[in-house]
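Read off the chains here:
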Amino acid sequence: MHLTPNRRLAIFLSKQSAEPVLSFHAWLETIWQTIQNDYPEQYPKLLTRAEQEILWEKIIYATQSEAPLLRTSSTARLASEAWNACHQWQVPLFEGNITDDSHAYCRWAKEYQSLCQANHWIDSAQLLDHIRDLIEQGTLSPPPTLSCTGFEEWTPQQQRFLDSCRQKNSSIEFHSLISEIGEVSRLPVRSKEEELEFAAKATKYWLAEYPLVRIGIIIPDLEYRRFEVERIFKEQLSEETFNIAAPLSLFEYPLIQSILLGLKLMLREIPFATISQYLRLPFFGQAQTEAAERAALEVLLRDKRKEHYTLESFIFALESCLKKLPEGCGTHLLASLKEVAALRTQFRGKRTAEVWKDICRELLNRLGWPGERPLNEEEYQLKEQWDTLLIEYIQMGRVLGEHSYGEAISHIQRLSKIKQFLPSSQLGAAPVQILGLLEAMGLPFDYLWVVGLHRDTWPTDPSPNPYIPLALQRSLGLPRSSANRELQVAKRITQQLCMGGKTVIFSYPYSVDDHITSVSSLLIGYPELSAEQIEPLGLTLVLAKKDAKEVPLDSAVENTLSSSVGDPVVNPSLDINTYAAVFEKNSNSEAKEAELVTFGGSRILKLQAACPFRAFADIRLKAKPLTSVRLGLNASERGDILHQCLLDFWKGLNSQDELNALSDHECCARTERVVSDVFEKWRLKFPHLLTPQYLLLEKTRTEALIQKFIQLEKLRSPFEVVGVEVEQKVVLGGVHLRFRIDRIDRLENGEELLIDYKTGRVHISEWFGARPRDPQLPLYCITRRPNPSGVAFGIIRPDTVKFQGLSAIEDCLPGIHTPTKAARYGSAETWDAQYAVWEKDMEKLAYEFRMGKAEVDPIDGETTCRTCHLKAICRVQR
Ligand code: SF4
């Protein structure tokens, strides 16, 4: 009998050996399965992993009255890990001076053990001891020879087992497929993604040069990066040349996720995120035929801003949205949902797994799962896996008993997370094996590339189990119990990796998640590959180490976009001046008016300054983010409400004198009235969002802010209100702009001052520079006639209420700067000079927009991109 520590090595060896080769765990399970089949009543049943998890959860849940803050599932996982470790390291239940956690674990473990005994069950941790007992009793004979290949470490439980086999005259042999250290080097690169790209390119080169070689790519966190790895390797290699040895759980495949999503439509509360996915997935009914209609429905539903639905309220909302679409839209969708809703009564109460299985099948049937499109090979295999999963769910009935529909879904989901699936296309022999760290142990390759062993990850950090006394863990050398143990394990594994290939390359990134890292101390002794050495592999070290942070954000985009200039908005042959002249001269001519496209307000210039591509995509291509459905008003809605309230407040008040004439009581009453009126309009629009208690909170908050701001207005020098929400229409750089100025005041000297209310974080420093980050007020200023003598933010936030701005006149407003004082922010020396700069800069931005300038050029790099919704389109961060 030939045994290996993992399945991958077993598959590799079985191709070269006439003897059966199994992984150690698979061998034990096969033995027990045979015994069980032969003597079903005599020997205990082996619990599956899902059943073990459920038992632990049930036991821990039952003790929740003692510690109600416990998170049952994660506590159960840790308790189960402690149970496994205690069996592997042969640790009896602890006693004496132990922590409360260890005490709790001992109670759970005793309960678990007695449940297993009472029901005649065993679990995977106990399996090896049971088989050893049978061998020692002479009931079971061990194989005459046990050949063990590739084992890195034996647990005390395994060693005891091997001793028992030896005592029964079994011969134990240990082999290794690797013995010599290869040519080892290390390669620093810029990022984790670049590591994969380099590994893929080098693999392509090796395969082209030496078609018969075996290549191993080791990725320690492969299970989390599988999709990224697959994408990058597919860019360089054909699919049949590489295998990714990281089977995903069924849950990670969209087809299986769609099942769980469909099942959740019958729960009492459906989050909007579930509904949004349901409308977009192609696996339900005539989803493809109705794709555009379903997308339009999702947008309409988002506008309702409702966070949770029941199936019935979802149907009701759909019916109201469908009235806004052409007749005949979404009919299949609506019909299938109504059919499902007709099943409602069957979902009440507790039932067995067998019954829930039938109900789930019927529900999916009515939803039209798996959709109208033919399944591909992989999806077909997944559909079969779903059937197997349901059988396993029914078998779990022995530990589940009767349970509710919600519990049924969570058990099915649990199974889908445990059950792994590797498409048949990934099972074949391929020259390139992409593996996790432990799976690669013992496998020999010609070329081995190991990624990601930098100083933050290698050696790994200790992570002792909280339920086993720490001193005990350290004295017995349990896995992850101490830094010293991790160091010793890392040293052994590094040594094995160095022997895993004739050529071995360890790559590591300089920077991970915005922080700088470096080579692991365990690899520092190996030579670093130079740019010249890797050039033949088709690799280029783009930057020296110290420059790593200076990579332009859009360097990737420059290589992929063919152009950074879109079509001009209008006749590009006209220069700015001619264009403006034509507009002025023909402002009444419809023909000429049509040439000037009205796009919007100051936002055009703001976006053009922030990133030309953003202005192009947002304004010209009309790329809009989907409305986010979440609890409460967002910042922009709060800002809109405050603007409306202040607009209403000043209606009928023409000056500071009139404001001062109001008594405190009248002022408060006026505020209360305008706030109440504005919120009432919003409540009618979003009744689900503005619940009575939430509404009260928001109204109180808004009233307090307005009152604070009004007090500030009273402290100013006298002023008259010339207008509120004053509409302006202008042509700038050939672009027709239209916007509204929140307020125009006339000061004591007769000059005008423009005010814009702001509820977010703003600063006048953003008005200056060739690409002003916030050009809104400068634009208002240069387009107002007669020219104003100042412009200011009215900042109204809970943490501060103040004015901030720039004016030719000193102290015309508290907090306003003259150009001399604002020089530190970048202002010109005089108001007239700054005015002239703004005229030039605004016109330039507008002109660039008109001419189609659409470069991916975020003004503050990543900071600008952070709040932009276009990353997926501009590909600035591939
Ligand atoms: S994500 Fe950045 S680069 Fe892309 S459009 Fe937005 S601001 Fe420009």
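Residues numbered from 1 in each chain as written. Predicted model: local features only at pLDDT ≥ 70, side-chain atom pairs only at ≥ 80, totals over all residues. Heavy atoms only, no water.

1. Some details on the sheet that holds strand 6 (residues 171-175)
Here we have four strands laid out as an open sheet, ordered 2-1-5-6, and parallel in their pairing. Edge strands, defined here as strands with exactly one partner in the open sheet, are strand 2 (21-23) and strand 6. Neighbouring strand axes in the sheet, compared pairwise and without regard to direction, differ in orientation by 25 degrees on average. Across the sheet, helix 2 (residues 24-38) lies against strand 1 (2-4), strand 2 and strand 5 (145-149), angled at about 100 degrees from strand 2, the strand it touches most. (Pairing = 2+ DSSP bridges. Helix = DSSP H or I, 4+ residues; strand = E, 2+ residues; numbered from the N terminus. Axes fitted to C-alpha atoms, helices over the stretch in contact; angles between N-to-C directions. Contact = heavy atoms within 4.5 Å.)

2. A short note on the site of the ligand
Near the ligand, the surroundings consist of Cys611, Phe613, Arg614, Val856, Pro858, Cys865, Cys868, Leu870, Lys871, Cys874 and Val876. Its atoms largely coinciding with the cavity grid, the ligand occupies the largest cavity. Mapped onto the shell around the ligand, the elements with two or more residues apiece are helix 26 (612-620) and helix 34 (871-874). Residues of the shell around the ligand, tallied by class, amount to nine nonpolar, no polar and two charged. (Near = heavy atom within 4 Å. 1 Å grid on protein atoms, 1.4 Å probe; cavity = no way out; pocket = protein on both sides within 12 Å on 5 of 7 lines; lining within 4 Å. Sits in = over half its atoms within 2 Å of the grid points. Nonpolar A, V, L, I, M, F, W, Y, C, P; charged D, E, K, R; others polar.)

3. A short note on empty space enclosed by the protein
The tally for this structure, following the rule as stated, stands at four cavities of 30 Å³ or more. What the largest cavity holds in volume is close to 100 Å³. As for the largest cavity, its lining consists of Cys611, Phe613, Arg614, Pro858, Thr864, Cys865, Cys868, Leu870, Lys871, Cys874 and Val876. Contributing elements (two or more residues each) for the lining of the largest cavity: helix 26, helix 33 (862-866) and helix 34. Of the residues belonging to the lining of the largest cavity, the class tally is eight nonpolar, one polar and two charged. (Points joined across faces, edges and corners; volume = space filled by probe spheres on them.)

4. Quick word on the nonpolar core
Generally speaking, soluble globular proteins have nonpolar side chains that are buried together. Ranked by internal contacts, the top residues of the largest apolar core, which has 92 residues, are Tyr105, Tyr278, Leu301, Phe314 and Leu337. Among all residues touching Leu301, those that are not within four sequence positions of it are Phe272, Ile275, Leu279, Tyr309, Phe314, Ala317, Leu318 and Cys321. Grouped together as the second largest cluster of nonpolar side chains are 39 residues, Leu633, Val675, Phe679 and Ile710 included. (Core = buried A, V, L, I, M, F, W, Y, C linked by side-chain atoms within 4.5 Å. Buried < 20%, exposed > 50% of the residue type's maximum accessible area, 1.4 Å probe, protein only.)

5. Concerning the sheet that holds strand 16 (residues 501-509)
Taken in spatial order, the six strands line up as 7-16-15-8-14-9 in an open sheet, and their pairing is parallel. In this open sheet, the two edge strands, each paired with only one partner strand, are strand 7 (183-189) and strand 9 (242-244). Within the sheet, the average angular offset between the axes of one strand and its neighbour, ignoring direction, is 15 degrees. Examined bridge by bridge, strand 8 (residues 215-218) and strand 15 (residues 445-451) share four bridges and lie parallel to one another. Note on strand 15: the bridge partner recorded for Ile217 is Trp449. Here helix 9 (residues 222-236) sits on the sheet in contact with strand 8, strand 9 and strand 14 (432-435), set at roughly 160 degrees to strand 9.

6. A look at the pattern of salt bridges
Pairing between side chains of opposite charge can happen when the charged atoms of each approach one another. Inspection of every chain in the model, using the stated rule, returns 56 salt bridges. Salt-bridge contacts for Glu290 lead to Arg294; the nearest nitrogen and oxygen are separated by 3.1 Å. Overall, Glu290 belongs to the buried group, its relative accessible area being 2%. Judged by relative accessible area, Arg294 falls into the buried class, the value being 1%. Here Arg614 makes a salt bridge to Asp618, at a shortest N to O gap of 3.7 Å. Taken as a pair, Arg614 and Asp618 lie in helix 26 at a separation of four residues, close to a single helical turn. (Salt bridge = Lys/Arg side-chain N within 4 Å of Asp/Glu carboxyl O.)

7. Description of helix 20 (residues 483-498)
Along its 16 residues, helix 20 runs 22 Å from first to last C-alpha, staying within 8% of the 22 Å computed at 1.5 Å per residue. Those residues of helix 20 that fall on the buried side of the exposure criterion are Arg485, Glu486, Val489, Ala490, Ile493, Thr494, Gln496, Leu497 and Cys498. Those residues of helix 20 that are buried lie in contact with strand 7, strand 8, strand 15 and strand 16. (Expected span 1.5 Å × (residues − 1).)

8. Regarding the side chain of Asp745
Of note, Asp745 is situated in strand 21 (residues 735-747). Look at Asp745 and you get buried, because its relative accessible area is 0%. At 2.9 Å, the side chain of Asp745 forms a polar contact with the side chain of Arg716. Setting aside residues no more than four positions away along its own chain, Asp745 makes contact with Arg716, Phe719, Glu720, Val721, Val722, Glu751, Glu752, Leu753 and Ile755. (Polar contact = N/O pair within 3.5 Å; in protein donor to acceptor, adjacent residues only side chain to side chain.)

9. Side note on the environment of Ala79
Checked against the element boundaries, Ala79 lands in helix 4 (residues 72-88). Relative accessible area serves as the criterion here: at 0%, Ala79 is assigned to the buried category. Distance from Ala79 to Glu53, taken between C-alpha atoms, is 9.7 Å for residues 26 residues apart in sequence. The residues touching Ala79, leaving out its near neighbours within four places in the chain, are Trp56, Ile60, Tyr105, Trp108 and Tyr467.

10. Quick look at the environment of Leu250
Residue position: Leu250 is located in the loop between strand 10 (248-249) and helix 10 (254-264). Among the residues examined, Leu250 registers a relative accessible area of 0% and is labelled buried. Residues Leu250 and Ser416, 166 residues apart in the sequence, show an inter-C-alpha distance of 5.0 Å. Setting aside chain neighbours within four positions, we find Leu250 in contact with Ile256, Leu382, Gln385, Leu389, Ser416, Lys419 and Phe421.

11. Concerning unusual backbone geometry
The omega torsion of the bond from Trp369 to Pro370 falls at 10 degrees, within 30 degrees of zero and hence cis. Cis geometry is adopted by the peptide bond preceding Pro459, which originates at Trp458 and carries an omega value of 0 degrees. By the secondary structure assignment, Pro459 is in the loop between strand 15 and helix 19 (470-476). Positive phi is not limited to glycine here, since Gln90 has a value of about 55 degrees. Considering the arrangement of structural elements, one finds Gln90 in the loop between helix 4 and helix 5 (100-119). Of note in this structure, Asn169 is not a glycine but carries a positive phi near 70 degrees. Mapped onto the secondary structure, Asn169 falls in the loop between helix 7 (156-167) and strand 6. Judged by relative accessible area, Asn169 falls into the exposed class, the value being 68%.

12. Examining the environment of Pro718
When you line up the elements, Pro718 lands in the loop between helix 30 (692-714) and strand 20 (719-732). Exposure remark for Pro718: the relative accessible area of 37% places this residue in the partly exposed category. Each C-alpha atom, one on Pro718 and one on Arg351, is 76 Å from the other, the two residues being 367 residues apart in sequence. When residues no more than four places from it in sequence are discounted, the contact partners of Pro718 are Gln656, Leu747 and Glu748.

13. Quick notes on the packing of aromatic side chains
Under the definition given, this model contains 39 aromatic pairs. Aromatic pair Phe24 and Trp154: ring centres 6.1 Å apart, planes at 85 degrees, arrangement edge-to-face. Here Phe24 is found in helix 2, whereas its partner Trp154 is found in the loop between strand 5 and helix 7, with 130 residues between them in sequence. For the pair Phe24 and Trp154, one class covers both residues: buried. Between Phe347 and Tyr405 the ring centres are 4.6 Å apart and the planes differ by 85 degrees, which places this aromatic pair in the edge-to-face class. Taken together, the positions of Phe347 in the loop between helix 14 (331-341) and helix 15 (353-367) and Tyr405 in helix 18 (residues 405-418) put the pair 58 residues apart, joining distant regions of the chain. Accessibility expressed as a relative area gives 8% for Phe347, which makes it buried. By relative accessible area, which is 4% here, Tyr405 ends up buried. Arg670 extends its terminal NZ or CZ atom over the ring of Phe649, reaching a point 5.4 Å from the ring centre. (Phe/Tyr/Trp six-rings, centres within 6.5 Å; stacked < 30°, edge-to-face > 60°. Lys NZ or Arg CZ within 6 Å of the ring centre and 35° of its normal.)

14. Some points on helix 16 (residues 377-395)
Look at helix 16: 28 Å from first C-alpha to last across 19 residues, which is about the 27 Å you get at 1.5 Å a residue. In the core, the buried residues of helix 16 are packed alongside helix 10, helix 15, helix 17 (397-400), helix 18 and strand 13 (420-421). The N-cap of helix 16, judged by a side-chain oxygen 3.2 Å from the amide nitrogen of Glu378 a few residues on, is Asn376.

15. Observations concerning the packing of helix 16 against helix 18
Running from N to C, helix 16 and helix 18 point in directions that differ by 120 degrees, and their axes come no closer than 10 Å. Between helix 16 and helix 18, the crossing angle belongs to the class labelled oblique. Note on packing geometry: the crossing formed by helix 16 with helix 18 is right-handed. For the pair helix 16 and helix 18, contact is made by Trp386, Leu389, Leu390, Glu392 and Tyr393 and by Ala408, His411, Ile412, Leu415 and Ser416, respectively. In the contact of helix 16 with helix 18, the residues fall into seven nonpolar, two polar and one charged. (Parallel < 35°, antiparallel > 145°, perpendicular 65-115°, else oblique. Left-handed = near helix turned anticlockwise from the far one by under 90°.)

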